[in-house]
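Listed below, chain by chain, are the residues.
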Amino acid sequence: VLVESLQFQLMTAVDVLEALEQSPQEARQEALTLQTLTQDRGDVLEQVHKRYLELISHLSLEDKAVLHQAATLFERCSWVLNRLATGLLGTTQVR
């Protein structure tokens, strides 16, 4: 699920950057979509994280650590993409 979600976010970011060359209005709309997709959902992610750890209780500590690292990297990527969208929305290029 993380891979598909991140792929969708990255594809949306590409759409934003491609739209910058074509249409500021379209770029703005894509940036708003990206911003929505990547907004902080800390509480929700924490609940999902806890539930997921319960479901994988049979895994080794090492495997759990790998999954935790993957989730952390996903969250970081989402944060960076959110900053990209927010930054672009603050420029005259997408107003």
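Right above here is the structure, for reference.
Cut-offs used in this document
- Residues numbered from 1 in each chain as written.
- Predicted model: local features only at pLDDT ≥ 70, side-chain atom pairs only at ≥ 80, totals over all residues.
- Heavy atoms only, no water.
- Helix = DSSP H or I, 4+ residues; strand = E, 2+ residues; numbered from the N terminus.
- Buried < 20%, exposed > 50% of the residue type's maximum accessible area, 1.4 Å probe, protein only.
- Contact = heavy atoms within 4.5 Å.
- Lys, Arg positive; Asp, Glu negative; His and termini not counted.
- Charge placed at Lys NZ, Arg CZ, Asp CG, Glu CD.
- Axes fitted to C-alpha atoms, helices over the stretch in contact; angles between N-to-C directions.
- Parallel < 35°, antiparallel > 145°, perpendicular 65-115°, else oblique.
- Left-handed = near helix turned anticlockwise from the far one by under 90°.
- Nonpolar A, V, L, I, M, F, W, Y, C, P; charged D, E, K, R; others polar.
- Expected span 1.5 Å × (residues − 1).
- Arc of directions from axis to C-beta.
- Patch = residues over 30% accessible without salt bridge, like charges linked within 9 Å, V, L, I, M, F, W, Y side chains within 5 Å.
- Areas by Shrake-Rupley, 256 points an atom, 1.4 Å probe, with all protein chains shown as cover.
- Salt bridge = Lys/Arg side-chain N within 4 Å of Asp/Glu carboxyl O.
- Polar contact = N/O pair within 3.5 Å; in protein donor to acceptor, adjacent residues only side chain to side chain.

Chemist: Talk me through the overall build of the chain; I want residue IDs and the actual numbers.
Modeler: Helix and strand counts for the chain come out as four helices and zero strands. Put simply, the chain runs from its N terminus to its C terminus through helices and strands in the order α-α-α-α. By principal-axis analysis of the C-alpha atoms, the chain measures approximately 50 × 20 × 15 Å. Split into buried and exposed, the 95 residues of the chain put 23% on the buried side. Counted over contacts in the chain with a minimum sequence separation of 6, partners at least 24 positions apart contribute 69%. Once the 8 positive and 13 negative side-chain charges of the chain are each reduced to a mean point, those two points are 8 Å apart.

Chemist: Give me the lowdown on the packing of helix α1 (residues 2–22) against helix α4 (residues 61–89), citing residues and values where you can.
Modeler: For any two helices packed against each other, the geometry is given by the interaxial angle and the distance between the axes. Where α1 meets α4, the closest approach of the two axes is 11 Å, and the angle between their N-to-C directions is 20 degrees. Considered as vectors, α1 and α4 are oriented roughly parallel to each other. In the packing of α1 onto α4, the handedness of the crossing is left-handed. In contact with Leu2, Ser5, Leu6, Gln9, Leu10, Ala13, Val16, Leu17 and Leu20 of α1, α4 contributes Ala70, Ala71, Phe74, Cys77, Ser78, Leu81, Leu84 and Leu88. Here the residues of the contact of α1 with α4 are counted per class, giving 14 nonpolar, three polar and no charged.

Chemist: Explain α1 residue by residue, including any values.
Modeler: Compared with the 30 Å implied by 1.5 Å per residue over 21 residues, the 30 Å span of α1 between its first and last C-alpha is a close match. Turning to α1, its buried residues number three or more, namely Leu6, Gln9, Thr12, Ala13, Val16 and Ala19. When α1 is viewed along its axis, its buried side chains cluster within an angular range of 145 degrees and face the same direction. Exposed positions of α1 whose direction lies more than 90 degrees from the buried face are Val3, Glu4, Glu21 and Gln22. Those residues of α1 that are buried lie in contact with α2 (24–37) and α4.

Chemist: Describe in detail a negative patch on the surface, supporting the description with residues and values.
Modeler: On the surface, a cluster of negative charge is contributed by Asp15, Glu18, Glu21 and Glu26. Sort the elements by how many residues they give to the negative patch and α1 lands first, with three residues. Secondary-structure assignment places glutamate 18 in helix α1. Take glutamate 18: its relative accessible area is 49%, and that puts it in the partly exposed class.

Chemist: Got a sec to walk through the side chain of threonine 12? Specific residues and values, please.
Modeler: Here threonine 12 lies in helix α1. If we ignore the near neighbours within four places in the chain, the residues touching threonine 12 are Glu30, Thr33, Leu34 and Leu37.

Chemist: I'd love a proper account of the side chain of serine 23, names of residues and values included.
Modeler: Structurally, serine 23 can be placed in the loop between α1 and α2. Given the relative accessible area of 18%, serine 23 is considered buried. A polar atom in the side chain of serine 23 sits 3.2 Å from the backbone nitrogen of glutamate 26.

On their own, these measurements won't tell you what the molecule is for.
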